[in-house]
Amino acid sequence: MTLQNLEQVRARHALAFAKSEAPKHGANGGEAMKKIPSMIMANGLLAAIAFAMEQRRTGLARPGFSAAFDDIAKHLSSPEIGITENVTTANGLIDYLTKADSETLKLATAEALEWLGYARRFVTNQEGDQS
């Protein structure tokens, strides 16, 4: 693969998520992608992940949110991004970031918001496409 810039990497990873079978909706059919960026900005990345990973008796309460954070974890661990190491799930991401320094958390937050900028547009387009 040729050298790509960060915008290409973010777009490629977000598009792969949009095309995947991962759930992309929150409770009552709400679009998780539209809500996550404001949650991160208002409460921080760790609180947003914790919200996504909330458990109920039947399992994950918010599968669309947790699927998004699973993919964010993979993006942050990708060789092109390299903010985290060997993290592929939301649970792993929150564990990693609670042990990391504040600079790593700051970089992860900024990169997650950048990835979400693409994912939000791609997921909305994919869900609305009836072809």
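So, here's what we can say about the structure. Please read these numbers as outputs of a predicted model, since none were measured by experiment. (Residues numbered from 1 in each chain as written. Predicted model: local features only at pLDDT ≥ 70, side-chain atom pairs only at ≥ 80, totals over all residues. Heavy atoms only, no water.)

### Description of the overall build of the chain
- The secondary structure content of the chain amounts to six helices and two strands.
- Split into buried and exposed, the 131 residues of the chain put 40% on the buried side.
- Excluding contacts between residues fewer than 6 apart, the proportion of contacts in the chain whose partners are at least 24 apart in sequence is 61%. (Helix = DSSP H or I, 4+ residues; strand = E, 2+ residues; numbered from the N terminus. Buried < 20%, exposed > 50% of the residue type's maximum accessible area, 1.4 Å probe, protein only. Contact = heavy atoms within 4.5 Å.)

### Looking at helix H4 (residues 63-77)
- Taking 1.5 Å of rise per residue, the 15 residues of H4 would be expected to cover 21 Å, and the 21 Å separating its terminal C-alpha atoms lies within 8% of that figure.
- Most of H4 is tucked away: 12 of the 15 residues are buried.
- Residues of H4 that are buried: Gly64, Phe65, Ser66, Ala67, Ala68, Phe69, Asp71, Ile72, Ala73, His75, Leu76 and Ser77. (Expected span 1.5 Å × (residues − 1).)

### Points about the environment of Met33
- By the element assignment, Met33 lies in helix H2 (residues 32-43).
- In this structure Met33 comes out as buried when scored by relative accessible area, which is 0%.
- Taking the C-alpha atoms as reference, Met33 lies 7.5 Å from Ala68; in sequence the two are 35 residues apart.
- Setting aside anything within four residues of it in sequence, one finds Met33 in contact with Phe17, Lys24, Gly64, Ala68, Leu116, Ala119, Arg120 and Val123.

### Some details on the side chain of Ser77
- Tracing the chain through its elements places Ser77 in helix H4.
- Side-chain polar atoms of Ser77 contact the backbone nitrogen of Val87, separated by 2.9 Å. (Polar contact = N/O pair within 3.5 Å; in protein donor to acceptor, adjacent residues only side chain to side chain.)

### Some thoughts on helix H3 (residues 45-52)
- Looking at H3, one finds that the buried residues are Leu45, Ala48, Ile49 and Ala52. Each buried residue of H3 sits inside an arc of 100° when the element is viewed along its axis, so together they form one side. (Arc of directions from axis to C-beta.)

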